Amino acid sequence: MAFEIIESCVNCWACEPLCPNKAIYEAKPHFLIDPDKCNECAGDFEESQCVSICPIEGAILNELGEALNPPGSLTGIPPAKFAELVARQKAA
Amino acid sequence: MELPVLNNVAPDAGGCSAGSCGSTDDQMGHLPEHIREKVFNHPCYSEEAHHYFARMHVAVAPACNIQCHYCNRKYDCANESRPGVVSELHHPVQAVKKVLAVAATIPQMTVLGIAGPGDPLANPERTFETFRMLSEQAPDIKLCVSTNGLSLPEHVDELTKYNIDHVTITINCVDPEVGAKIYPWIFWKNKRIKGREGAAILIEQQQKGLEMLVARGILVKVNSVLIPGVNDKHLAEVSKIVKAKGAFLHNVMPLISEAEHGTFYGMTGQRGPTNEELQILQDECSGDMNMMRHCRQCRADAVGLLGEDRGDEFTMDKIDAMDINYPEAMKMRAEVHAAINEELESKRIARENKVQLVSIEGLKVNKPETRPVLMAIATKGGGIINEHFGHASEFLIYEASSIGVRFIGHRKTVAYCEGGDTCGDDESALDKSLKALSGCEVVLCSKIGFEPWGPLEAAGIQPNGEYAMEPIEDAILAVYEEMRTNGKLDAKPAEQQKVA
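Since the model is a prediction, treat every value here as computed from it, not as a measurement.

Quick word on the sheet that holds strand β15 (residues 462–464) of chain B
Residue and element names in this part refer to chain B. Taken together, five strands build an open sheet; the order of strands is β13-β12-β11-β14-β15 and the sheet is mixed. Of all strands in the sheet, those with a lone pairing partner are β13 (404–412) and β15, marking the two edges. The average angle at which neighbouring strand axes cross in this sheet is 25°, direction not considered. Where strand β14 (residues 440–444) and β15 come together, three bridges link them in parallel fashion. Each bridged residue has a counterpart across the sheet, and for Leu444 the counterpart in β15 is Asn464. Helix α14 (residues 450–458) contacts β14 and β15 of the sheet and is inclined by roughly 140° relative to β15. Most of the contacts of helix α15 (residues 472–485) go to strand β11 (residues 373–377), to which it runs at about 140°, and overall it touches β11, β12 (394–401), β13, β14 and β15.

Section: unusual backbone geometry
Residue and element names in this part refer to chain A. The residue after Lys28, namely Pro29, is reached through a cis peptide bond having omega 0°. Among the secondary structure elements, Pro29 is positioned in the loop between β2 (24–25) and β3 (32–33). In the Ramachandran plot, Cys41 falls in the positive-phi region, its phi being about 70° despite a non-glycine side chain. Mapped onto the elements of the fold, Cys41 is located in the loop between β3 and α1 (49–53).

A short note on the environment of Glu197(B)
Mapped onto the elements of the fold, Glu197(B) is located in helix α7 (residues 195–215). Expressed as a C-alpha distance, the spacing of Glu197(B) and Gly179(B), which sit 18 residues apart in the sequence, is 9.4 Å.

Observations concerning the sheet that holds strand β2 (residues 66–67) of chain B
Residue and element names in this part refer to chain B. Taking strand neighbours across the sheet as the criterion, the three strands line up as β2-β6-β7 in an open arrangement whose pairing is antiparallel. Whereas interior strands pair on both sides, the edge strands pair on one side only; in this sheet they are β2 and β7 (191–194). Of the strands in this sheet, β2, β6 (185–188) and β7 touch α7, which is tilted by about 105° from β7.

Observations regarding helix α4 (residues 124–137) of chain B
With 14 residues, α4(B) extends 20 Å from end C-alpha to end C-alpha; this agrees with the ideal 20 Å at 1.5 Å per step. In this structure, the buried side of α4(B) is in contact with α3 (92–105), β3 (109–114), β4 (142–147) and α5 (152–161) of chain B.

Rules used in this analysis
Residue positions are given per chain, counting from 1 as you read along its sequence in written order. Starting at A for chains and at 1 for ligands, labels are handed out in the order in which the entities are written. Totals for whole chains, interfaces and linings use all residues, but because this is a predicted model, local features are given only for residues with pLDDT of at least 70 and pairs of side-chain atoms are given and counted only at 80 or more. Water and hydrogen atoms play no part in the side-chain values, which are based on all heavy atoms of the structure. Criterion used throughout: strands pair if DSSP finds at least two bridges between them. For the purposes of this entry, the term helix denotes a DSSP run of H or I that reaches at least four residues, the term strand denotes a run of E that reaches at least two, and both are numbered from the N terminus. To obtain each axis, a line is fitted to C-alpha atoms, and for helices this fit is confined to the stretch in contact; angles are then taken between N-to-C directions over 0 to 180 degrees. Residues are treated as being in contact if the distance between any of their heavy atoms lies within 4.5 Å. A helix's residues, less one, multiplied by 1.5 Å, set its expected span.

Structure below.
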């Protein structure tokens, strides 16, 4: 039972000091979670701390590879709109 | 007949010792002496000081504890100039090195702020470590911090330790209903709290933090982002409340919401205010408190005078190559500051003398009431008209009326002239300048080419290069008097052309 941080992480440091198990560490190109230490905050907090403060949708996954903050859930931006923007910027 | 310069009303008689009272701007003029002393050389607080003194931000605070709909944490773009954006994040030791390098190179730099790119108080270790080292190593630099306020109450006591005498709180609302439209979530007591409930906690903490700072004698400036249709009707009330609680300055800034920034507002078509809407709101709030109109909404890693960014000169690799002897630099800095203060002081005395003269003449002349006129100024700083029209990347806007001259704000444009022989060919840049000048009847600059002259006149904006290198307020008063003499103030202004 452990979470994973993926490449969309922006290295904002918000999660690192909150982890009760010190499972999160600075790494290049982005922060990582030590799967041996992460227990998803079970027994420590009601909510998993990294997931609760992370500002980036889709940056933290559960063991099944599912985004714990799915697109649209934090910013309120409709995911389709965001995909449009990314496509436009790639084309430019 | 001469009119007084409203921005520069002479200070109360007595109580104003030489050198301690460089600024007598509209927002400074009626402040108590102990506050004026703290802000006269702070470019962000004094309209006059911002022409002479520089500031810098160090990006040591990446984490944030709330989400705002005008912010996107994903973007880190070198070409974007807006709060929350940085190119290079620093650890406190690096940040201090950078500050000392900048202060030694740009002696006009008097103020160091920590403003992000996240929230400084959501990164208390990094923020306070930076302040602690700086207060030891560079005691001649003022320290300030900008926060969303959520963690402010728990850090107020720590803030008082480092001689931080200015704190900025961004307060966009005092009503959780309004807040729910601005803040989708906050992180509070180990939980993500969404919507109205989160906004209510944020508002409560902001107000509590404001009260605690005021109680400890720390100056508080309040920033508000004007979001049309969301808090535009609400900000006058915010102004009233924060003033009652003791904030010394209120800064209403326009929403920046370009779609390409990828923010919620940008992506959902929420527009920013027009220049006119911003001015109307600032006027509405100014009845209630000191308003600040020269804010440039800097990046969280900006370096230099307001409106300029010399960050590229101070990247970490360049700083590592510099050999800084700060104690030596401090001596040189003290000399530069003394020279600037002397200049400000002599300007102040000149103004005082002029105001006295005007008030004597004012007794003899019965001033007819004439309509106000907006004028745009191209300047590089120093309070004089010293920029070519085509080189201006922004204009300062002033209002002249029968009661005097007042500063309204600045409007950004793109420099119309890129230099060289092609100067004047770029129509879209000129269109942008025309748009920035909407509502103005005169534009004063040090020089202006033949090409833009016609379109400006056609748009009802009189170009004027006759006051090159002269003080801004003097020139405006002179032009206003010319307009009066020529009967231009009797008639309503010519209908301005719509500019695309």
